[in-house]
Structure formats: structure tokens, C-alpha cells
Amino acid sequence: MNDLMVMVEIASRRCALNAHDVSSVIELGVVTPVPRTADFIAGITAMRSQSLTVIDCRRALGLDPDKFPTDHRGAVVTIANHSYALMVDRIDDINTATSEVENVSGGFGPEWSRITTGMVETSTGPALLIDLALLIAGPESLEAAA
């Protein structure tokens, strides 16, 4: 596997997003809360006159976001023709996966098992490969599956 990956950190874990799924990295700027939305939706922001739903990835996992720092940038992705900005701890760089996707040995808990497709090795170490649609579905999808 030689796929390009955008390396991010979510809840202090190294994660990889397929680079072809990330259209850009933006400064989040002002995030306007939206009443009556799920709490993992931080709000909306704008990018070139387009509104983006901002997903707090820590809350989408069902974790306490106050325990982790937040980057001022977001990774912009599109799922089912809707654009999102992913709020993460940190966005590192683009890297190349040097291994095939492997099972996550030992697991990291049900919240991580729900959103990962496995683990990939990169030149800077292993990373959890994130399924963006499952991440954006939020923690309620974990409760519905139980």
C-alpha cells in the first residue's frame, strides 16, 4: 500500500485519513453553534462562501473534549455530498502508508473500533485508519448498534 494519508491526532491518538478524502485544511475561524443539534456538532463555519458543518471528533467518539487540546485548523471532507470540517487535536502532515491495512491488535475500546478500518504503518509510525462516514455518524450510532 502506498496511499497518501493526512496524519491527524484525535484524542491523543495518531490517526490517518485517506488524502483523497480530504479536500483541504482550513483555519476554523468562527464556529457558530447551531441550536438543537447533536453535541458532537460544534456548529458551522464558512469556506469560500460555502457552509461547513464542524464536527468535534472527540465528541463524535463519545469522549470528553476538554481533556484534549484543539487545533485551530480543520480537515475538510465531503461525505454524501455534504461538506464537513473535522475539529481535531492536531493536523500533522501528509505521509505515505507503508503497509496494508491491518487489524488493530488489542483494540482501543468500542468507540475507536466503531470508526476505524484498521491500522496502517507510515514512515512516522503506526496510525489508526479512520472511516469518515462512521466518525461523522457520531456516538449515537454506537448506542444504536448495541
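This text follows the structure it describes.
Procedures and definitions
Per chain, residue numbering runs from 1 following the sequence as it is written. Since the coordinates come from a predicted model, pLDDT governs what is reported: local features require at least 70, and pairs of side-chain atoms require 80 or more to be given and counted, while whole-chain, interface and lining totals use all residues. By convention in this description, side-chain values take in all heavy atoms of the structure and omit both hydrogens and water. Only runs of H or I of at least four residues qualify as helices and only runs of E of at least two qualify as strands under DSSP, and these elements are numbered from the N terminus. Computation of the radius of gyration draws on C-alpha atoms, with the globule rule given as 2.2 Å multiplied by the number of residues to the power 0.38. Buried residues are those whose accessible area, probed at 1.4 Å on protein chains only, stays under 20% of the maximum for their type, while exposed residues exceed 50% and partly exposed ones sit between those limits. Accessible areas in this description were obtained via Shrake-Rupley with a 1.4 Å probe; residue shielding takes into account the shown protein chains only. Only four residue types enter the charge count: Lys and Arg as positive, Asp and Glu as negative, with His and the chain ends excluded. Lysine's charge is taken at NZ, arginine's at CZ, aspartate's at CG and glutamate's at CD. Strand pairing is defined by DSSP finding a minimum of two bridges between the two strands. Only the stretch in contact is used when a helix axis is fitted, and all axes are lines through C-alpha atoms; the angle between N-to-C directions ranges over 0 to 180 degrees. Among buried residues, those of type Ala, Val, Leu, Ile, Met, Phe, Trp, Tyr and Cys that are joined through side-chain atoms within 4.5 Å constitute a nonpolar core. Note on contacts: a residue pair is in contact if any heavy atoms of the two residues lie within 4.5 Å. Residues form patches when they are more than 30% accessible in relative terms and have no salt bridge. Like charges link within 9 Å. Nonpolar side chains (Val, Leu, Ile, Met, Phe, Trp, Tyr) link within 5 Å. By convention in these notes, a salt bridge is any Lys or Arg side-chain nitrogen within 4 Å of a carboxyl oxygen on Asp or Glu.

## Remarks on the overall build of the chain
Piece 1. From N to C terminus, the chain includes four helices and ten strands.
Piece 2. Put simply, the chain runs from its N terminus to its C terminus through helices and strands in the order β-β-β-β-β-α-β-β-β-α-β-β-α-α.
Piece 3. The C-alpha radius of gyration computed for the chain amounts to 15 Å, which stays within 12% of the reference 15 Å derived for 146 residues, consistent with globular compactness.
Piece 4. The buried share of the chain, reckoned over its 146 residues, is 45%.
Piece 5. Put simply, the chain shows about 7,500 Å² of open surface, and 51% of that area lies on carbon and sulfur atoms.
Piece 6. Here the chain holds 10 positive side-chain charges and 19 negative ones, and the gap between their average locations is 6 Å.

## Quick word on the pairing of strand β9 (residues 116–122)
Piece 1. One ladder, built from six bridges, connects β9 with strand β10 (residues 125–130); its direction is antiparallel. Each bridged residue has a counterpart across the sheet, and for Glu121 the counterpart in β10 is Pro126.
Piece 2. The turn joining β9 and β10, which pair antiparallel and follow one another in sequence, is formed by two residues.

## Topic: the sheet that holds strand β4 (residues 41–47)
Piece 1. Strand order in the open sheet formed by five strands is β3-β6-β7-β5-β4, and the pairing between neighbours is mixed. The strands lining the two open edges of the sheet, one partner per strand, are β3 (22–27) and β4. Within this sheet the neighbouring strands show an average axis-to-axis angle of 35 degrees, counted without direction.
Piece 2. Pairing of β4 with strand β5 (residues 50–56), which is carried by six bridges, proceeds in the antiparallel orientation. Residue pairing across strands places Gly43 opposite Val54, the latter belonging to β5.

## A closer look at the nonpolar core
Piece 1. Counting residues in each nonpolar core, the largest one holds 27 residues, and the members touching the most others are Val8, Ile10, Leu17, Leu86, Trp112 and Ile130.
Piece 2. Of all the secondary-structure elements, those providing two or more residues to this core are β1 (4–10), β2 (13–18), α1 (57–60), β6 (73–79), β7 (82–87), α2 (110–115), β10 and α3 (132–137).
Piece 3. Non-local contacts of Val8, meaning those with residues more than four positions away in its chain, are made with Arg13, Arg14, Cys15, Leu17, Val88, Arg90, Ile91 and Asp92.

## Considering a negative patch on the surface
Piece 1. A surface patch of like charges, here negative, comprises Asp3, Glu100, Glu102 and Glu121.
Piece 2. By secondary structure assignment, the location of Asp3 is in the segment before β1.

## Some remarks on the pattern of salt bridges
Piece 1. Scanning the entire structure with this criterion turns up six salt bridges.
Piece 2. Between Arg58 and Asp56 there is a salt bridge, with its nearest N and O atoms 2.9 Å apart. Both residues of the pair, Arg58 and Asp56, belong to the buried class.
Piece 3. Note that Asp92 is salt-bridged to Arg90, the shortest N-O span being 2.5 Å.
Piece 4. Among the residues examined, Arg90 registers a relative accessible area of 38% and is labelled partly exposed.
Piece 5. Connected via shared salt-bridge partners are Glu9, Arg90 and Asp92.

All quantities given are derived from atomic positions and should not be read as evidence of function.
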